[in-house]
Amino acid sequence: MLRKTVAVVAAVAALATLPLQIAARLAVTPVEAVVATPPMGYNDWNAFGCDVDDRLIRETADAMVANGMVAAGYEYVNIDDCWSLPERRDGRLVADPAKFPDGIKPLADYLHRRGLKLGIYGDAGTLTCAGYPGSLGHEQVDADTWASWGVDYLKYDNCHNSSDGSRADFVRRYTAMSSALRLSGRPIVLSLCEWGQSQPWTWASGVGQLWRTTGDIADTWDSLRSIIAQNAPLSRYAGPGAFNDPDMLEVGNGGMTDTEYRTHMIMWAMMAAPLIAGADLRALTPSTLALLTDPGLIAIDQDRLGLQATVLSDTGGRLVLDKPLSDGDHAIAFYNPTDTAASMGVRLTATGLAAAPGYRIRDLTTAAESPATPTLEATVPPHGTAVFRITPLKGPT
Ligand code: GLA
């Protein structure tokens with residue numbers, strides 16, 4: 001409640017500073033994007049950096065339809081940095097014709113015809129991180145441009161931000177784009193990407209639908225471990241339409257072991273994180289595809305309660321996590337970031353599970369079911385994560 005009030009007050013304060021012609025647009029009914037569960041999709045940055053073009057996006061969309069990712073829930077196809085010309089034309093952002101010969105609108109149409117949505121990238125500064133034009137001071141014209149192209153999602157970065165570093169400045173810059181998107185008349189998801197610098201989890205609920213909580217992920221175990229340590233304690237700030245974003249998935253990019261990638265996917269599901277695949281989806285191995293589309297994990301991530309798992313215990317970095325699910329089940333995970341196997345456990349009465357005469361316990365990695373027991377235990381390999389879905393039983397066991 002307090003969070004929402006702070007966000008609304010911040011939004012109103014920022015609006016008060018808008019020029020008259022923009023304030024006049026407040027007569028337009030603002031449209032807000034609704035994202036009840038964490039967004040799922042793709043972004044080209046982790047695998048391709050600046051090498052993005054129309055062909056990559058279309059081929060990726062085709063691959064997502066053909067390989068079952070769309071059926072599994074992946075929906076957004078997001079273009080990251082480097083899509084535009086290095087200069088504005090008549091004050092507007094223009095797609096680089098060498099990369100997007102038809103512009104962005106036909107690409108959005110192509111995705112929409114396949115039931116997909118298009119994401120784009122902008123920056124709350126004078127330049128993007130790769131040096132393309134930023135949107136600071138151009139919020140409404142850029143929001144209107146993206147809306148006219150049929151864009152559905154904006155990742156809004158924080159490079160070259162001319163900021164004094166104050167939280168008020170971060171709130172102002174991101175709220176300006178949030179308001180501009182609403183006034184564009186098209187529901188566009190706002191994904192704040194300011195790397196956790198101003199603790200957006202304390203103010204961005206109501207400004208955008210998700211916010212990065214950390215610096216950039218890299219395709220290494222050290223990066224994954226560090227990001228989990230930063231994001232896991234933030235559960236109380238997340239909820240439906242307001243998600244902590246520990247960054248895009250590296251699953252399938254080759255820098256981690258199968259165990260580490262499985263930890264990546266399980267922990268993103270437990271943390272109700274956006275599942276934005278970052279590998280080359282046109283060339284996935286069967287095991288990577290199986291992990292990205294794992295129905296048990298996606299059901300946990302996409303559960304409509306939209307809650308992030310709470311950390312029940314932290315023993316030298318080994319975490320026991322508890323995520324309540326809408327049908328009364330709980331997902332319980334044992335995360336072992338250490339370099340040695342660990343025996344981990346939790347008494348079911350110490351979790352948020354409702355008291356019941358018994359419980360059905362399903363291991364989501366092996367699909368094995370075990371009988372009710374007062375304590376759930378598992379031996380977890382180094383860098384591994386065990387995850388269980390637990391159902392309270394109604395009758396006697
Ligand atoms: C920042 C973001 C990344 C990516 C790059 C693009 O570093 O955090 O996710 O968008 O910019 O330049």
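Refer to the structure above for everything that follows.
Caption draft 1: Quick look at the pattern of salt bridges. A full pass over the atoms with the stated rule returns 21 salt bridges. Where D329 meets R389, a salt bridge forms, and the shortest distance between an N and an O atom there is 2.8 Å. With D329 in the loop between strand 10 (318-324) and strand 11 (330-335) and R389 in strand 16 (residues 385-393), this pair connects stretches of sequence that are 60 residues apart. R389 matches D329 in its accessibility class, with the two residues each being buried. Each of R55, E59, D280 and R282 takes part in one network of salt bridges that share partners.

Caption draft 2: Up close: the sheet that holds strand 7 (residues 243-245). Overall, parallel pairing links the eight strands, which are arranged 7-6-5-4-3-2-1-8 in an open sheet. Only two strands of the sheet have a single neighbouring strand rather than two, namely strand 7 and strand 8 (275-277). Between one strand axis and the next, the sheet turns through 25° on average, direction left out of account. Bridging between strand 3 (residues 117-123) and strand 4 (residues 153-157) involves five bridges; their strand directions are parallel. Its bridge partner lying in strand 4, Y121 is registered against K155. Set on the sheet, helix 4 (residues 54-66) makes contact with strand 1 (40-43) and strand 2 (76-78); between it and strand 1 the angle comes to about 145°. The strands that helix 6 (residues 105-113) touches are strand 2 and strand 3; relative to strand 3, the one it contacts most, it runs at about 140°.

Caption draft 3: Looking closely at the packing of aromatic side chains. On inspection of all chains with the given rule, the structure shows four aromatic pairs. Look at Y156 and Y174: their rings are 5.4 Å apart centre to centre, the planes differ by 80°, and that puts the pair in the edge-to-face class. One end of the pair, Y156, is in strand 4; the other, Y174, is in helix 8 (residues 167-183), with 18 residues separating them in the sequence. Classification of Y174 as buried rests on a relative accessible area of 0%. For R58, the ring lying beneath its charged end belongs to Y110, and the centroid distance is 4.7 Å. Across from the ring centre of F170, 4.6 Å away, lies the NZ or CZ of R173, which sits over that ring.

Caption draft 4: Looking closely at the sheet that holds strand 16. Here we have six strands laid out as an open sheet, ordered 9-10-11-16-13-14, and antiparallel in their pairing. Where the open sheet ends on each side, the last strands, each with one partner, are strand 9 (310-315) and strand 14 (369-370). Summarising the sheet, strand 13 (residues 358-363) and strand 14 pair through two bridges and their orientation is antiparallel. Its bridge partner lying in strand 14, R362 is registered against E369.

Caption draft 5: The packing of helix 4 against helix 6, seen in detail. The contact between helix 4 and helix 6 brings their axes to 10 Å, and the two run at 5°. Relative to helix 6, the element helix 4 lies roughly parallel. Across from D54, I57, R58, A61 and D62 in helix 4, the residues of helix 6 making contact are P106, L107, Y110 and L111. Looking at the contact of helix 4 with helix 6, its residues break down into six nonpolar, no polar and three charged.

Caption draft 6: Representation of the site of the ligand in the model. Around the ligand sit 13 residues, and of these D80, D81, K155, D157 and D216 come closest. Separating an oxygen atom of the ligand from a side-chain N or O atom of D81 is a distance of 2.8 Å. A distance of 2.7 Å is found between an oxygen atom of the ligand and a side-chain nitrogen or oxygen belonging to K155. In isolation the ligand has 310 Å² of accessible area, and contact with the protein removes 92% of it.

Conventions we followed
Residues numbered from 1 in each chain as written. Predicted model: local features only at pLDDT ≥ 70, side-chain atom pairs only at ≥ 80, totals over all residues. Heavy atoms only, no water. Salt bridge = Lys/Arg side-chain N within 4 Å of Asp/Glu carboxyl O. Helix = DSSP H or I, 4+ residues; strand = E, 2+ residues; numbered from the N terminus. Buried < 20%, exposed > 50% of the residue type's maximum accessible area, 1.4 Å probe, protein only. Pairing = 2+ DSSP bridges. Axes fitted to C-alpha atoms, helices over the stretch in contact; angles between N-to-C directions. Contact = heavy atoms within 4.5 Å. Phe/Tyr/Trp six-rings, centres within 6.5 Å; stacked < 30°, edge-to-face > 60°. Lys NZ or Arg CZ within 6 Å of the ring centre and 35° of its normal. Parallel < 35°, antiparallel > 145°, perpendicular 65-115°, else oblique. Nonpolar A, V, L, I, M, F, W, Y, C, P; charged D, E, K, R; others polar. Near = heavy atom within 4 Å. Polar contact = N/O pair within 3.5 Å; in protein donor to acceptor, adjacent residues only side chain to side chain. Areas by Shrake-Rupley, 256 points an atom, 1.4 Å probe, with all protein chains shown as cover.

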